[in-house]
Amino acid sequence: MNEKAEFAQRLRDAMVQAGYPVRPVVLEREFNTRYWGRSVTLQGVRRWLRGEAIPSQDKLQVLADWLGVEPEVLRFGVAVRQSVQERRQRWEDGAGYVERETFEAFLSLPAPQRKIVREVILTFAKAHESDNR
């Protein structure tokens, strides 16, 4: 399934979850009553539901607010949000006070010095990786 078709499926599912029939006239009416920009046509919302187009970010935000879902979930799906949360959790679990203090010091360095420190760290990481093989 392609990106547009996957978005269309999430939009249809969100409409059903919110208690709305999956019909272009319903989507057009409900969207346009909430959107302050130029109205969307029936043909435009039909394209969203058929998987032929993805709305712009401002329209996506209005859809998400109306349907009670997070904009990133509506646009990209639950897997993307879970991936971001897992990476954030790994970062929070792996970085204690000493590491955070080191990161702060690193960020305060001028760019040329940060580049050197980065290269040293990556060299150590590659050496460690090859030792574990």
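Everything in this summary refers to the structure shown in the same document. Remember, predicted model here, so these are calculated numbers, not experimental data. Numbering of residues starts from 1 in every chain and runs along the sequence as written. With the structure being a predicted model, the display of local features is reserved for residues of pLDDT at least 70 and the display and counting of side-chain atom pairs for 80 or more, all residues being used for whole-chain, interface and lining totals. As a rule here, side-chain values cover all heavy atoms of the structure and leave hydrogens and water aside.

Some thoughts on the packing of aromatic side chains
Only rings of Phe, Tyr and Trp enter the pairing, Trp through its six-membered ring, and a pair is recorded when the two centres are within 6.5 Å. The plane angle decides the type: under 30 degrees is stacked, over 60 is edge-to-face, the rest tilted. Here the structure, examined in full by the defined rule, presents three aromatic pairs. Each ring, one from phenylalanine 31 and one from tryptophan 48, has its centre 5.4 Å from the other, and the planes form 85°; the classification is edge-to-face. Of this pair, phenylalanine 31 sits in helix 2 (residues 24–34) while tryptophan 48 is found in helix 3 (residues 42–50), placing the two residues 17 residues apart along the sequence. Through pairs of rings, three or more aromatic residues link up here, namely Phe31, Tyr35 and Trp48. A run of H or I in DSSP becomes a helix once it reaches four residues, and a run of E becomes a strand once it reaches two; helices and strands are each numbered from the N terminus.

Some thoughts on the pattern of salt bridges
The working definition used for a salt bridge is a side-chain nitrogen of Lys or Arg within 4 Å of a carboxyl oxygen of Asp or Glu. In this structure the tally under the stated criterion is four salt bridges. For glutamate 3, the salt bridge is made with arginine 75, and the minimal N-O distance between the two is 2.6 Å. In this pair, glutamate 3 sits in helix 1 (residues 3–17) while arginine 75 sits in helix 5 (residues 71–76), placing the two residues 72 residues apart along the sequence. Relative accessibility decides the category of a residue: with a 1.4 Å probe and only protein chains considered, values under 20% of the type maximum give buried, values over 50% give exposed, and everything between is partly exposed. Note on glutamate 3: relative accessible area 42%, which makes it partly exposed. The residue arginine 47 makes a salt bridge to glutamate 52 at a minimum N-O spacing of 3.9 Å. The partly exposed category is assigned to arginine 47, whose relative accessible area is 37%. It is possible to trace a salt-bridge network through shared partners that takes in Arg29, Glu30 and Arg34.

Notes on the environment of glycine 37
For glycine 37, the position within the fold is in the loop between helix 2 and helix 3. A residue is classified by how much of its surface remains accessible, and glycine 37, at 36% relative accessible area, is partly exposed.

Side note on the side chain of arginine 75
Given a relative accessible area of 16%, arginine 75 falls into the buried group. Residues count as neighbours in contact if any of their non-hydrogen atoms are within 4.5 Å of one another. Here arginine 75 is in contact with Glu3, Phe7, Arg10, Ile54 and Leu60, once residues within four sequence places are set aside.

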